[in-house]
Every structure is written in C-alpha cells, then in structure tokens.
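A closer look at the structure
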Amino acid sequence: MNPLVETWLVAARDCRKNVRSVKGIVMAGISLLGALACTFKLPKFEEAMAQMRDLGPEQMHAVKAQAFGKIYGDELTGEALANAPIKLVFLFFIAVWLVPLLVMIIGFDGISSDLQYRSVRYWTIRSRRASYYVGKFFALWAVIGLLTLVMQLMIWGITIARVEATPLETITWGLRFWVTSLPITGAWCGIATLTSSLFRTPMLSLLATGATFFLLFFLGLVIGKWGNVTWLSYLYPNNFDAWIMSSKNERVFEGLGVCFAFILATCGIGSGIFIQRDV
Amino acid sequence: MATTESSEVAIRVRGVTKTFGLKNAVDDLSLFVTTGSVFGLIGPNGAGKTTTFSMMAGYLKPSQGSLEVLGFAPNQVEALRGKLGVLPQDALLPANDRVGEFLVDMARLQGISSNDATKCARDAIEEVDGQTWWGVRCGALSHGMAKRVQLAQALLGDPKVVLLDEPTAGLDPRIAYEVRQIIKGRKGRCTLVVSSHNLSELEEVCDAAAILDRGRLMASGTMSELTAATEEVRFKVPPLGQGPAVSLSPADPAAAKAPMTAIRELPMVTIAEYDDERGELIVHFDRTKPDVDAETVIGAVLWILVQQRIRISGVTKGRGLEQRVMDLTDQP
C-alpha cells in the first residue's frame, strides 16, 4: 500500500475522532464564543477610538495603516491591511495567538494516549510507523485549520450581514488571513505532535507541550523579536505572520519556508524516533 | 513441531535478547514455529512470554538477535500486510470508535478495498458472535465483548499468522470456551501462536509449545514431547506396597507376583515407581520397541491392577503440561 494512502487513512480516522471527541467539541465551542465576543465588542471599540481622537474615515485609515505597518515592519503591508475589514484583521491576530493553545489542548494526547493505552499496537502492525506519525500530524493540522475556518466563516457572515464590507472584500481578505494562518498552524502542530509522541502519559505530554511552547515564546518573541536577537526570532512560529503577510515576496517566501522547515524537521525527527521506539 | 526445522517455518526466533535497563526480559531465546501449527508460549509471570510475543509482532525491537515472521522482520509492515494478525494483551480499543468503523478502518489499512472492507469486517465480527455490536462504541463494550472484538480484528482478512496474547484472560468460562472453539476452528488454516497462563487450555489447543522462565527457554517441542506422553503413563491408584500376589497367567498360579514386581517385569516397561506425594503409579516404557505405545502399556498395566481389584481413579499419558511446567519453572 502506498504510504500516502496509509497516511490518509490514519489522518481521516483521527480527524473523525477529534471532531467527535468531547474535547474537540468543547474547544470548538470556546473558539466560536471567543470569535463572537470579539465581533460584538470590536465595533464599539473602533467607534470609541474614532470619537476619542476625533478622526474621520481617511484619518482612521491612515492611523490603521501606520499601526499595521509598525506591527508588520513594512509600510506597504500596513497600507494594504488598512483596507481590510478591521474585524477580520482583529480575528487574524486572535487566531494566530489562539492557535498554540488550540494545538496544545487538542494535540497533546494525539499519540501519547495511544501509547499509554497501547491502542497504537492495532495500527503499527498495519501501517508504517512514519505513515501513522505523519497521519496524526496532518489530522491535527486539519482539525485546527477547520476550527479556525469555522471561526472565520462566522465573522465573515456577521461582517457581510452588517454591511461593514462587501461580500467579495470580506471573503477575499478572510481567505487570505485564513490561508496565512495555515502554515503557522502547521508549525505548531508539528511541535505538538513531536512532543506528544515522546511521552506515554498524556498529562506529561500536555505539560511538556505547554513548556515547549512557552520556551519558544520566550526565546523567539521576548528575547528574539523584542530583544532584537534576530536568529532567535526564527524559533517562534507566531513571528512568521508578519513575514507571510509582507508585501515583499522574499519575506513571504522566508516566512513560508521557515514554517515548512519547522513542519519537515519536526515530522522527520518525530517519525524517526517513533520508528525506533518500542510501542 | 518445534524440535526440528524439517518442515516449513512460519516464525523463527534466533538468539533473541531483550533488555529493559539492566534486566534481561528475554535471554538468548531461539525457537521456531512450524507453518500451520498452533504453538503455545508458556511460563509464569515475568517469564518473558509477552515480551517475546511483542517482539514477534514488531512492537518491541530485540536488543540482540533476530526474528522472522514468514521470512520477514516483524517491522516490515508492507511485506506482512494482511498476513499477520495480532491480539495484543493490554491494548485498549479506541473508546470513541464504533465497533464496525474500527474494524473497517483496520481492514482498509490491511489493504482491503473499501468495497470489501465492510464485508470482511462483518465476517470477522460474526465469527466472534458479535454481529449486534456493530454500531456500539468500543468504550461501551464489556470486557468479554471487547476481547472478542480484539479477536475479530486479529482474524480480519484471514491472516496467515495469528498471534494471540492471553486470548481468554478474564473471560467467563462460557466465552472462554467459545474463544477456544474459534482458535480450534482456525487450526490448519493459519499458524497460531498463543501465549497463556491457562495450561489446560494450551494443552487442549496447541500442537507444540515453548516453556519459558525468567526470559530463558526451558523446553520446547510438541505437546507429546513436552508432556512425555509417548514415554510414560500415570495411574491414579492407592499405594500398592507389595500387595497380594497376582498371576499374569491364571492358568499358572505358581507365576503369581506382587503387582509392582509384575508391572516391572512387563517387557516394554523400563521403570515403574510409585509417587507417594501425588498418589500416582508412574510407568516409563521403551517406545523404540516395535508395537509399543502408550495404549499398549496402559492395557497391560490395567490388567494387573484389575486383577488385584485396585481402585483406579484415573489414567494419563505423560505427566501433564502443568506438572511439566512446574518441574521446569520451579528452580530457585
């Protein structure tokens, strides 16, 4: 059997399991509630800001462009994002920040619980271990991607219903934001799957995943980005949104490249270890 | 079955050692299982049965030595796909999966097409008499039902080699009996390796076995070889002592002899002794002589005992697997 078919079968079954599990349903509910809360609060916040600063629409646009330009380190990107419906930009920020939490909570027991209860033994006599591992990774990536897409769809619907942007604008920007979040999500999923596969006890896996994510946050964002230690900033996948959203192609490719390098490295190391270990 | 490598070998274990930390769970183990036989892995707790079994299934890697299943290393999944079925001892079924979809998923991974996978899964669950559980979540199954679903997944698609680790552990006697019938039903259709503590069960279903203790192979061979069924017979009788004389030939009263003497003088008997502890008369015989087998010896000895009107509670060929295992694994 083709390893891709094996991977597909493992991933499809795991997606079904995640979507049906109580944990998956609760996480979906919390994510959607979060998205809704942002939606309802944001217009008032925007209005308040505009009134407070007594700004007109053009001045507001300029302020947004300046703010986004500063966030992404690129004026052209800031200018482009200022045209996007603000709710979608806000949701994108939230989604990117929320992704590690979602990945950690949904992915921590992906492999570790199968190891703990030895259910993995039903799979390892039927599929290559690398296919099992990669299937688990893709399933986690797909579930988180689906979850963020549902969040996006909800916001798109509200944005269109309130006539805050045209349907075309909403969907175009929404899709762009969602697609941008996917490689970043993939990088986090790679790290979580690797961590999960190293432990037989899901609780240890959860703690280790949380600790790893925090370490990457500290090294990559606090020291790397905020402390201007450039090479360390490559360690934190949430830094890559600015690169992928950049108006400069080389920056986009760099961001995508680092995300996929994360995915390849974690899947390579993880499946390598998983092939060698006793189950 | 496992003493000579003359016939085709389904599983071969060569000098395998498995170490966990400083402890050798399996120590330089070599054995082979003949194609089409039912082979038992026997031993007390900690003997290395499950470790050996897990290495045969590819779950564990040997620290030294090598294993082959149908000529391939157990971790060569592609080569063994659909040919190897395994019932692991402590592997829980995925609680959220329904029985049917779990079996269909397993069948698909064995390379069975999506069209045939459902039929194959239904056949397997029917074989373990669990048709009504198709839509039940695995987490809602009782222990006995889960065990039979696990057995169904091991038998999916008629694999050539089936490994069963403690297939009847924790089952009530009726279900255990049914599982034994399923195993017997597979005899001849595939090679079966059964690891179990239940010696009478193994004696009933196995053609050959290996007895392990503390990771070492203590004995292996066919059941007859292991139980010495072709070398000795045992009679459950009260102590014979010298007893009143008995004549082997009613026509010649002068030839009357004490029962033990009479038995010892039978031409095929090499040793006859009474085991006070077990209350058994043990008769060893020379099976190399023409027309001598256990049944002949039983007939001749019974004749003497009946002549003496000695109460006979039972007759067994060989010493029984349980006794053999106790003898071999009782060393300090």
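What comes next is a walk through the structure.

1. Some details on the overall build of chain A
Helices and strands together make up the secondary structure of chain A, namely 13 helices and zero strands. In summary, chain A has a C-alpha radius of gyration of 20 Å against a globular reference of 19 Å for 279 residues, a match within 12%. Dimensions of chain A, computed from C-alpha atoms along their principal axes, come out at roughly 65 × 40 × 35 Å. The buried share of chain A, reckoned over its 279 residues, is 45%. Across chain A, the fraction of contacts at a sequence separation of at least 24, relative to all contacts at a separation of at least 6, is 75%.

2. Side note on the sheet that holds strand S13 (residues 314-317) of chain B
Residue and element names in this part refer to chain B. The sheet built from four strands is open, its strands ordered S11-S12-S10-S13 with antiparallel pairing. Looking at strand neighbours, the two that pair on one side only are strand S11 (269-275) and S13, the edges of this open sheet. Across the sheet, the mean angle from the axis of one strand to that of its neighbour is 15°, orientation sign disregarded. By the bridge criterion, four bridges tie strand S10 (residues 232-236) to S13 in an arrangement that is antiparallel. Looking at the pairing, Lys 236 lines up with Gly 314 of S13.

3. Side note on the pairing of strand S8 (residues 208-213) of chain B
If a strand is regular, its side chains alternate between the two faces of the sheet. All names here are of chain B. Along S8, five of the six residues are buried, which leaves the element largely enclosed by surrounding structure. Pairing between strand S3 (residues 38-42) and S8: four bridges, direction parallel. Bridge pairing in S8 places Phe 39 opposite Ala 208. As judged from the six bridges shared by S8 and strand S9 (residues 216-222), these two strands associate in the antiparallel manner. Considered in S9, the bridge of Ala 210 is made with Ser 220.

4. With respect to unusual backbone geometry
The phi angle of most residues is negative, glycine excepted, and most peptide bonds adopt the trans form. Residues and elements named next belong to chain B. For Asp 158, which is not a glycine, the phi torsion comes out positive at approximately 50°. Here Asp 158 lies in the loop between helix H5 (143-155) and strand S6 (161-165). Looking at Asp 158, the number of C-beta atoms within 10 Å reads 15, which means it is partly exposed. In this model, Arg 214 sits at a positive phi of 50°, which is unusual for a non-glycine residue. With respect to the helices and strands, the residue Arg 214 is situated in the loop between S8 and S9. Since 17 C-beta atoms lie within 10 Å of it, Arg 214 is described here as partly exposed.

5. Comments concerning the interface of chain B and chain A
Contacts between chain B and chain A engage 23 residues on the former and 19 residues on the latter. Elements that contribute at least two residues to the side of chain B that touches chain A include exactly strand S5 (84-87) and helix H3 (99-109) of chain B. Sort the elements by how many residues they give to the side of chain B that touches chain A and H3(B) lands first, with four residues. For the side of chain B that touches chain A, the class distribution of residues is 13 nonpolar, five polar and five charged.

6. Examining helix H5 (residues 86-107) of chain A
Here H5(A) contains 22 residues, and its C-alpha end-to-end distance of 31 Å stays within 8% of the 32 Å for a straight helix at 1.5 Å per residue. Leu98(A) marks the point of greatest bend in H5(A), at about 40°, and the proline Pro100(A) comes within the next four residues.

7. Details of the packing of helix H3 (residues 57-72) of chain A against helix H4 (residues 75-82) of chain A
Residues and elements named next belong to chain A. Where H3 contacts H4, the axes come no closer than 7 Å and their chain directions differ by 135°. Considering their axes alone, H3 and H4 lie oblique with respect to each other. Crossing handedness for the pair H3 and H4: right-handed. Across from His 61, Lys 64, Ala 65, Gln 66, Phe 68, Gly 69, Lys 70 and Tyr 72 in H3, the residues of H4 making contact are Glu 75, Thr 77, Gly 78, Glu 79, Leu 81 and Ala 82. Classifying every residue of the contact of H3 with H4 by side-chain character gives five nonpolar, five polar and four charged.

8. A few points about the sheet that holds S8(B)
All names here are of chain B. The mixed open sheet is built from six strands, whose spatial order is S5-S6-S7-S3-S8-S9. In this open sheet, the two edge strands, each paired with only one partner strand, are S5 and S9. Across the sheet, the mean angle separating the axes of adjacent strands is 15° when strand polarity is ignored.

9. Quick word on the pairing of S3(B)
Residues and elements named next belong to chain B. In terms of burial, S3 is largely enclosed, as five of its five residues are buried. Direction of pairing for S3 relative to strand S7 (residues 191-195): parallel, over a ladder of four bridges. Note on S7: the bridge partner recorded for Leu 41 is Ser 195.

The rules behind each value
Throughout this document, residue positions are counted from 1 along each chain, in the order its sequence is written. Just so you know, chain letters begin at A and ligand numbers begin at 1, following the order they were written in. Confidence filtering applies because this is a predicted model: local features only for residues at pLDDT of at least 70, side-chain atom pairs given and counted only at 80 or more, and all residues used for totals across whole chains, interfaces and linings. Here a strand is any run of E in DSSP of at least two residues, a helix any run of H or I of at least four, and the numbering for each starts at the N terminus. We compute the radius of gyration over the C-alpha atoms and compare it with the globule rule, which gives 2.2 Å times the number of residues raised to the power 0.38. To assign burial, the other C-beta atoms lying within 10 Å of each residue's own C-beta are counted, with C-beta atoms placed from the backbone; 20 or more indicates buried, 12 or fewer indicates exposed, and intermediate counts indicate partly exposed. A residue pair is marked as a contact if its C-beta atoms, positioned from the backbone, fall within 7 Å. In this scheme, strands are said to pair when DSSP sees at least two bridges between them. All axes here are fitted lines through C-alpha atoms, helices being fitted over the stretch that makes contact, and every angle between N-to-C directions spans 0 to 180 degrees. Charged means Asp, Glu, Lys or Arg here, nonpolar means Ala, Val, Leu, Ile, Met, Phe, Trp, Tyr, Cys or Pro, and polar covers whatever is left, Gly included. Given a helix with a known number of residues, its expected span is that number minus one, times 1.5 Å. Here the bend at a residue means the angle between the axes of two seven-residue stretches, the one that ends at it and the one that starts at it. Orientation labels follow simple angle bins: below 35 degrees gives roughly parallel, above 145 gives roughly antiparallel, 65 to 115 gives roughly perpendicular, and whatever is left gives oblique. Note: crossing handedness is left-handed where the near helix turns anticlockwise from the far helix by less than a right angle, and right-handed where it turns clockwise.

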